[in-house]
Amino acid sequence: MNPLGMMELGKKYSKFKEQHPKFGMFLKSVANKNLKEGSIMYMEFKDVDGETYSANIKLTKDDLEFLEMLK
């Protein structure tokens, strides 16, 4: 990603954190629980029409390394 794209991403991330403060607290809480290989991350999305989409991910060693880098 180019430097300007990184700056724009930083601005959008700051705005997202400001608008959704509980999301960051949730992620920090989960990260502090010592995630382990084989843990399952479940996601759900409900659109404005009420349709629900969901997925789950069984975390691998590579996933955990990536999540650690994001900290």
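Quick notes on the overall build of the chain
Secondary structure summary: the chain contains three helices and two strands in total. When the helices and strands of the chain are listed from N to C terminus, the series reads α-α-β-β-α. Relative to its length of 71 residues, the chain is extended, with a C-alpha radius of gyration of 15 Å against a globular reference of 11 Å. Expressed as lengths along the three principal axes of its C-alpha atoms, the size of the chain is roughly 35 × 35 × 25 Å. Across the 71 residues of the chain, 1% fall into the buried class. Of the contacts made within the chain by residues no fewer than 6 positions apart, 19% connect residues no fewer than 24 positions apart.

Section: a nonpolar patch on the surface
Residues Phe16, Phe23, Phe26, Leu27, Val30 and Leu35 make up a contiguous nonpolar surface patch of roughly 510 Å² in combined accessible area. For the nonpolar patch, the leading source of residues is helix α2 (residues 21-31), giving four residues.

Quick notes on the confidence of the model for the chain
Confidence along the chain averages 90 in pLDDT terms, with 99% of residues attaining 70 or more. Here α2 is the element of the chain with the lowest mean pLDDT, 85, and strand β2 (residues 52-58) is the one with the highest, 96.

Some remarks on the pattern of salt bridges
On inspection of all chains with the given rule, the structure shows one salt bridge. Here lysine 12 and glutamate 8 are joined by a salt bridge, their closest N and O atoms 3.6 Å apart. In this pair, lysine 12 and glutamate 8 both sit in helix α1 (residues 3-19), four residues apart, roughly one turn of the helix. Classification of lysine 12 by relative accessible area gives exposed; the value is 55%. Owing to a relative accessible area of 38%, glutamate 8 belongs among the partly exposed residues under this scheme.

Quick look at the pairing of strand β1 (residues 40-46)
In terms of residue burial, β1 counts as a barely covered element, since only zero of its seven residues are buried. Here β1 folds back onto β2, and the loop between the two strands holds five residues, one of which, glycine 50, carries a positive phi near 90°.

Rules behind the numbers
- Residues numbered from 1 in each chain as written.
- Predicted model: local features only at pLDDT ≥ 70, side-chain atom pairs only at ≥ 80, totals over all residues.
- Heavy atoms only, no water.
- Helix = DSSP H or I, 4+ residues; strand = E, 2+ residues; numbered from the N terminus.
- Rg over C-alpha atoms; globule rule 2.2 N^0.38 Å.
- Buried < 20%, exposed > 50% of the residue type's maximum accessible area, 1.4 Å probe, protein only.
- Contact = heavy atoms within 4.5 Å.
- Patch = residues over 30% accessible without salt bridge, like charges linked within 9 Å, V, L, I, M, F, W, Y side chains within 5 Å.
- Areas by Shrake-Rupley, 256 points an atom, 1.4 Å probe, with all protein chains shown as cover.
- Salt bridge = Lys/Arg side-chain N within 4 Å of Asp/Glu carboxyl O.
- pLDDT = per-residue confidence, 0-100.
- Pairing = 2+ DSSP bridges.

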